[in-house]
Amino acid sequence: MASIRGLKRHVGAWRATAAALHQARGIDISGVRSVGLFLGPYRNLTTLTAAVLFLHPHCQVLNHAGRRIFQRHRLDFLARYDEATFDHFVRYAIHQSAGGQRGAAGGSITHSHAFTGEYKVRDIFESSGNDLVKSDIRSLVWKESLATANHIRSSRADLDAIFETETRLRFLVPVRHPIDAAISNVTKHFAGRFEGLTNEASVEQVIDAILDEYLWVQTLRVRHPERFFVFFEHSTGRDTLAALARFLELDPLDSWLDPATEAFEVKARYDHPQELVERLQAGVESRFADHPDFADGLRAFR
């Protein structure tokens, strides 16, 4: 009985995606200059960054929905890239970003925790006059970080080949304090989403997994530095947000930068036992000898 219910849910999800693809086919994406995908672990400033970008009048953001996208050949441009598949994805993502729900099913970034009363983003958005779906979309951002990284590796996506053809694609990598991110992943039972770990993994194991994610990103970034925007929690601010906008080919408008800078507030910080600090620093030294600038950014976390 359970397997029949599961099959029905799968068929229902497939039909819903097919219907959404049909509805999205008329969306004009000729003005989209960039498509930014997050990489890195969860609990890593991705939601707050995505929400702040959504405040820009020309940026549209899709939250999650990876399961539906990666399971459809017409949408999975990473595993089987061609321009038509990429365009299908862009239209579908814009369509889905108009609704949906909180959690893995995905949809509008306004369903995320960044739009709760804990942050200023919701009030700023509601007072901005911006529509849920922007009338002039110049950048699409997709927030599905670790799932995207896992999929790139499992599908053996050829990013080198994709970059040769697809000028719109680029990647965003916020770097939160790795100990804070590790504690948050363990607390929220997300540790099992790292390759090779379960939800029973220790904070120390998750710190190592987070550093491994960053090292993988760095190996890609060395080959294509113009396609990766990396920034550290300790260097956020107006200049960083302006650079992020330019990276996505968005105008760094003062009317956006002022409220975006105000909204970019990192809330949760944890006390760091000395043994975890030493674990982090040892992990940095053992992995990032070939990436000194990135290592310096990580060493600043204590």
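The structure displayed is predicted, hence computed values, not measured ones. (Residues numbered from 1 in each chain as written. Predicted model: local features only at pLDDT ≥ 70, side-chain atom pairs only at ≥ 80, totals over all residues. Heavy atoms only, no water.)

A short note on the layout of surface pockets
The following threshold applies: Buriedness for pockets is judged along seven lines, at least five of which must meet protein on both sides within 12 Å for an open set on the 1 Å grid over protein atoms alone, while cavities are sets there where a 1.4 Å probe fits but cannot get out, and lining residues have an atom within 4 Å of a point. Grid points are joined across faces, edges and corners, and a volume is the space filled by probe spheres set on the points. Counting from the N terminus, the helices are the DSSP runs of H or I reaching at least four residues and the strands are the DSSP runs of E reaching at least two. Each residue gets one of three labels, nonpolar for Ala, Val, Leu, Ile, Met, Phe, Trp, Tyr, Cys and Pro, charged for Asp, Glu, Lys and Arg, and polar for the others, Gly among them.
When its volume is computed, the largest pocket comes out at roughly 920 Å³. Elements that contribute at least two residues to the lining of the largest pocket include exactly helix 2 (46–54), helix 3 (66–70) and helix 6 (145–154). Taken together, the residues of the lining of the largest pocket break down into 12 nonpolar, 12 polar and 11 charged.

Side note on the side chain of Arg168
Short version of the rule: Here a polar contact means two N or O atoms within 3.5 Å. Within protein one must be a hydrogen donor candidate and the other an acceptor candidate, and residues neighboring in sequence count only if both atoms are side-chain atoms. Residues are treated as being in contact if the distance between any of their heavy atoms lies within 4.5 Å.
Inspection of the secondary structure assignment puts Arg168 in the loop between helix 7 (159–165) and strand 5 (169–175). In terms of polar contacts, Arg168 uses its side chain to reach the side chain of Asp87, at 3.0 Å. With sequence-adjacent residues up to four places away left out, Arg168 is seen in contact with Ile29, Val32, Arg33, Ser34, Val35, Glu83, Phe86 and Asp87.

Side note on the pairing of strand 4 (residues 139–143)
To keep it simple, the criterion reads: Buried, partly exposed and exposed residues are distinguished by accessible area as a fraction of the type maximum, computed with a 1.4 Å probe on protein chains only: under 20%, between the cut-offs, and over 50%, respectively. Two strands qualify as a pair provided DSSP detects at least 2 bridges between them.
Of all 5 residues in strand 4, 5 are buried; the element is thus mostly enclosed. With burial as the criterion, each face of strand 4 is covered, one bearing Ser139, Val141 and Lys143 and the other bearing Leu140 and Trp142. Summarising the sheet, strand 1 (residues 34–38) and strand 4 pair through 4 bridges and their orientation is parallel. Bridge pairing in strand 4 places Gly36 opposite Val141. As paired strands, strand 2 (residues 59–63) and strand 4 are joined by 5 bridges and run parallel to one another. In the sheet register, Val61 faces strand 4, and the bridge partner there is Val141.

This is a description of form; function is not addressed.
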